[in-house]
Amino acid sequence: MLDSDQTISRVEEILARHQGMEGALLPILHAIQAEFGHVPQDALPVVAKAMNISRAEAHGVMSFYHDFREAPVGRHVLKLCRAEACQAMGADRLADHAKTTLGLDWHETAKDGSVTLEPVFCLGLCACGPAALVDGKLVGRLDAKKLDALVEGMK
Amino acid sequence: MKIYLPLDSAAVALGADEIAAAIHKHAHDKGISVNLVRNGSRGMVWLEPLVEVETAAGRLAFGPMTLSDVPALFGDLAQHPKALGPADDLPWMKAQTRLTFARVGVIDPLSLDDYKTQGGLTGLRRALTMEPAAMVAEVTASGLRGRGGAGFPTGIKWKTVSEAKADRKYIVCNADEGDSATFADRMLMEGDPFTLIEGMVIAGLACGATKGFVYIRSEYPVAIRVMEAAIATARAEGVLGDVLGSGKSFDMEVRVGAGAYVCGEETSLLNSLEGKRGVVRAKPPLPALQGFMGKPTVVNNVISLASVPVIFEKGAEFYKGFGLGRSRGTIPLQIAGNVKHGGLYEIAFGLTLGEIVDGIAGGTASGRPVKAVQVGGPLGAYFPRALFNTPFGYEEFAGKDGLIGHAGLTVFDDSADMLAQARFAMEFCAIESCGKCTPCRIGAVRGVETVDRIAKGDAAAIPLLTDLCNTMKAGSLCALGGFTPYPVMSALTHFPDDFAVKEAAE
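Everything numeric in this text was worked out from a predicted model, so none of it was measured. (Residues numbered from 1 in each chain as written. Chains lettered and ligands numbered in written order. Predicted model: local features only at pLDDT ≥ 70, side-chain atom pairs only at ≥ 80, totals over all residues.)

Looking at the overall build of chain B
Inclusion rule: Helical segments are the DSSP runs of H or I of at least four residues, strand segments are the runs of E of at least two, and each set is numbered from the N terminus. Partly exposed residues are those falling between the two cut-offs: more than 12 but fewer than 20 other C-beta atoms within 10 Å of their own, whereas 20 or more means buried and 12 or fewer means exposed, with C-beta atoms placed from the backbone. By the convention adopted here, residues are in contact when the distance between their C-beta atoms, placed from the backbone, does not exceed 7 Å.
Summing up its helical and strand segments, chain B has 23 helices and 17 strands in all. On the principal axes, the C-alpha backbone points of chain B span a range of 75 × 60 × 40 Å. When each of the 506 residues of chain B is scored for burial, the buried share is 58%. Sequence separation of at least 24 residues holds for 71% of the intrachain contacts in chain B that already meet a minimum separation of 6.

A few points about the overall build of chain A
In terms of regular secondary structure, chain A is built from seven helices and four strands. Each helix and strand of chain A, placed in order from N terminus to C terminus, yields the pattern α-α-α-α-β-α-α-β-β-β-α. In terms of overall dimensions, chain A has a C-alpha envelope of 50 × 30 × 25 Å along the principal axes. Within chain A, buried positions represent 39% of all 155 residues. Pairs at least 24 apart in sequence give 59% of the contacts found in chain A among residues at least 6 apart.

A closer look at the nonpolar core
Residue and element names in this part refer to chain B. Filter applied, for reference: Buried Ala, Val, Leu, Ile, Met, Phe, Trp, Tyr and Cys residues form a nonpolar core when they are connected through C-beta atoms within 7 Å.
Residues Val172 and Cys173 are the most contacted members of the largest nonpolar core, which totals 221 residues. For this core, the element with the highest residue contribution is helix 9 (residues 193-207), accounting for ten residues. When sequence neighbours within four positions are dropped, the list of residues in contact with Val172 reads Gly212, Phe213, Tyr215, Leu270, Leu273, Phe292, Thr297, Val298 and Val299.

What about the interface of chain A and chain B?
Worth spelling out the cut-off: Following the grouping adopted for this structure description, the nonpolar residues are Ala, Val, Leu, Ile, Met, Phe, Trp, Tyr, Cys and Pro, the charged ones are Asp, Glu, Lys and Arg, and the polar ones are all others, Gly among them.
Listed per partner, the contact involves 34 residues of chain A and 44 residues of chain B. Counting only elements with at least two residues in the side of chain A that touches chain B, the list comes to helix 2 (25-36), helix 4 (55-64), helix 5 (84-87) and strand 4 (137-139) of chain A. For the side of chain A that touches chain B, the leading source of residues is helix 2 of chain A, giving four residues. The residue makeup of the side of chain A that touches chain B, split by class, is 23 nonpolar, seven polar and four charged.

Quick word on the domain arrangement of chain A
Many descriptions give the size of an interface as the accessible area lost when the pieces come together. Put simply, the rule reads: Domain start and stop positions are those given by an automatic or database domain assignment.
Once the domains are mapped, chain A shows domain 1 (4-64) and domain 2 (76-152). Relative placement of domain 1 of chain A and domain 2 of chain A: their C-alpha centres are 30 Å apart.

Considering the pairing of strand 14 (residues 343-348) of chain B
For a regular strand, side-chain orientation follows a simple rule: the groups alternate between the two sheet faces. Applicable threshold: Strand pairing follows a simple DSSP-based rule, namely that at least 2 bridges must link the two strands.
For strand 14 of chain B, a buried count of five out of six residues is recorded, marking the element as mostly surrounded by other parts of the structure. The hairpin turn running from strand 13 (residues 330-337) of chain B into strand 14 of chain B, its antiparallel successor, is five residues long.

A few points about the packing of helix 6 (residues 132-142) of chain B against helix 7 (residues 154-163) of chain B
Residues and elements named next belong to chain B. Rules: Orientation is described by lines fitted to C-alpha atoms, with helices fitted over the stretch in contact, and by angles between N-to-C directions that extend from 0 to 180 degrees. Just so you know how the angles are binned, under 35 degrees is roughly parallel, over 145 roughly antiparallel, 65 to 115 roughly perpendicular, and the rest oblique. In a left-handed crossing the near helix is turned counterclockwise from the far helix by less than a right angle, and in a right-handed crossing that turn is clockwise.
It is at 7 Å that the axes of helix 6 and helix 7 come closest, and there the two elements cross at 160°. Put simply, helix 6 runs roughly antiparallel to helix 7. Here helix 6 runs over helix 7; the crossing is left-handed. Residues Pro132, Val136, Val139 and Thr140 of helix 6 touch helix 7, and the partners they reach there are Thr154, Gly155, Ile156, Trp158, Lys159 and Ser162. Residues that form the contact of helix 6 with helix 7 fall into these classes: five nonpolar, four polar and one charged.

Digging into the sheet that holds strand 13 of chain B
Residue and element names in this part refer to chain B. Pairing within the open sheet is mixed, and its five strands lie in the order 14-13-17-15-16. A strand with exactly one partner marks an edge of an open sheet, and here the two such strands are strand 14 and strand 16 (382-384). Averaged over all pairs of adjacent strands, the angle between strand axes in this sheet comes to 30°, irrespective of strand direction. As judged from the four bridges shared by strand 13 and strand 17 (residues 408-413), these two strands associate in the parallel manner. The residue of strand 17 that forms the bridge with Ile335 is Leu409.

With respect to the environment of Gly408 of chain B
Residue and element names in this part refer to chain B. Within the element layout of this structure, Gly408 appears in strand 17. What makes Gly408 buried here is the crowd of 31 C-beta atoms within 10 Å. With 361 residues separating them in the primary sequence, Gly408 and Leu47 have C-alpha atoms 19 Å apart.

Here it is as structure tokens:
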């Protein structure tokens, strides 16, 4: 775990890299999340000050977007597409299977920190659904058997 | 030995990277020198991963490839178990009119030389000889309308920005392709990124803008990577910066979204680009006059901008010669969901829905009858078989209480429950609403509850749902709340049994 000072100094490095950029807040939040895996709440006042906005505004922006997380997630992130084209190929049944197998609902992380289950609305893999994003790797034509194998690999 | 294998997300999701590794390994073991080009996808997703081998007889296609099919690529190709024949002769490819997607799947996406060899930059060179007003007139004359879904004439938007007086103007490419069943933007950016760059440079020259942004959704990691690499090459090769040494400047960068569907709406996208919450802005002022940072801004979809180079290369009249009615040119159909043959199919406007679903797509993957086709993404209407004679065009679909949107089609077989689909439309709107206007923010939540009442057998909730949809349609600030009634009402209108059966079961 990083202490607050270490967090802040790394955030300041990120801020320095984005100096002079038009509309830099989203790129900055993405960079912070890439660095820490989430957006540490200690970082927000530092970002807000640098951007000359209030902390409430920074929080408002961060909380608007599904991508940005306040807290760390599991070691693995399983994102299942819930959109219509994947539904037409049985994504709802597959999602139910995943929830039962993992014992998790959407946005929940396993108690042992191994995996987080998240919904995603479209990966652009609509002609080879159901689709998933597993730790950043795209998967098409997912079925219960392939999903079980993926989950097994996450333990 | 030259082999092509797509880097396209769909191919990768079906194992293309593993196939690539196996090809390299086998070639190495056999001491064969292989030049493996990671191209875009030809759009035949049911054949991905699709390998092509360059031979004296042209590029021979093999697919769908599995790891066990790799060794045979180094033997007698005619005997290969997955041999499909020359890629260009496949019926899916031959019947298309590929204008915007002419190079996708053909060239190495990151080779500017490949791009130039296949006609790239010809449109830009011609544009550089024209005055801005003539460039705008060319786009207007082509009949090109916004391919993002709204169908607004691109030339008129450009004219407004071109004639606006300001110290800075911007070209913003909307690559926040969040609609389910749509992947044309993704395929174009992954398969031929220089076309989008060329289109944006022409837009900049025509409108007097010197800076552009491509706002790509974070769910498209491959597209982000390819676009960033292409922009760097274009800058190094003098396409961006001082444009082809003309003394006119234009540069651009990629910005990445953060998982908010509503940011596909142009004003919400602009707020997001400015580093704000992606809340919709009231119009007026139009983004064309007060857009990014309050400056005149063109906001165009990827396919609109990527269609500009061919219009300048071959002329407005050529482009306008395709299509029907007021829908001119070609449209990349994206055929998705439960289909036998899914993928991207670029063709002139005018095919009927039935020709697309029963003919091109070949019916369902499950082999069961087609029950409904949702056209235009999550905000598009569900069409029953009875409307399969509707020709594919903006006005034609509007006339049947639908929309073509970004031209995505999701096919459902007879196991689909249309009440569940109506509920999902409301649930999705509730999750993704930006919260600015009441009909969308609250209406969607009430909508889910009302559909649940119908599911429990409360027939009195049906007129209430209709009334709610009218309110959302008329009172919402943007298409999210305004168009969610399309899937809901079309499900209710065309599939009343799915709403009534539950009632009887109670």
